[in-house]
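Each chain, letter by letter, is given below.
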Amino acid sequence: MRLDPEPLPRRDWLGLASLWSAASALAFGFIGAMRLPKAAVVAAPSKALKLTLPESLPAGEAFVPPGRAMAVFRDGEGVYAISTICTHLGCVVKPNAEGFECPCHGSRFDHAGGVVKGPAPRALPWLQVRLANGEVHIDEGKTVPSGTKAKQA
Ligand code: FES
């Protein structure tokens, strides 16, 4: 009489080993997939802006909404907005008495955003402005031809 357990046949042992290998590969793969970094997609801020210009804003003087790369102006012909993103490499230009000046490489623009001194290759774009209920609606994503001013209806 034999008391030892019957040895596992070699073919069965290999079959079990391959099943365990496959199962552990799937388990580790699943754990690894769960640990992958999550996509860090942040919603882009809206390109539309609604504001009220200060009553005391002198004609032709720039009003820069906080956190926005634009300058808004009011004069006798209407309201208009000019992007303050330099057309050279994208620095934010600063309005000044002569127009705009880029702090990065010294480009200068006139009051209408036209290039006075390079290296900026193009004029600053004008942004779409609409007036409604005493508020100024500006869409940073839409440009209009230079000189387009919104008039109160
Ligand atoms: S980014 Fe404005 S001049 Fe270069």
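Structural data are supplied above this passage.
Quick caveat, the model's predicted, so the values are computed rather than measured.

**So, the state of the cysteines**
Counted according to the given criterion, the structure contains 1 disulfide. Through a disulfide, Cys91 is tied to Cys104; the S-S separation comes to 1.9 Å. Linking Cys91 and Cys104, the disulfide has an S-S dihedral of approximately -95° and is accordingly described as left-handed. Of this pair, Cys91 sits in the loop between β3 (78-83) and β4 (94-96) while Cys104 is found in the loop between β5 (99-101) and β6 (108-109), placing the two residues 13 residues apart along the sequence.

**Comments concerning the environment of Val93**
Tracing the backbone shows Val93 in the loop between β3 and β4. Classification of Val93 as buried rests on a relative accessible area of 2%. Expressed as a C-alpha distance, the spacing of Val93 and Glu135, which sit 42 residues apart in the sequence, is 25 Å. The contacts of Val93, once residues within four sequence positions are left out, are Thr84, Cys86, Phe100, Glu101, Cys102, Pro103, Phe109 and Leu124.

About the cut-offs
- Residues numbered from 1 in each chain as written.
- Predicted model: local features only at pLDDT ≥ 70, side-chain atom pairs only at ≥ 80, totals over all residues.
- Heavy atoms only, no water.
- Disulfide = S-S within 2.5 Å.
- Helix = DSSP H or I, 4+ residues; strand = E, 2+ residues; numbered from the N terminus.
- Buried < 20%, exposed > 50% of the residue type's maximum accessible area, 1.4 Å probe, protein only.
- Contact = heavy atoms within 4.5 Å.

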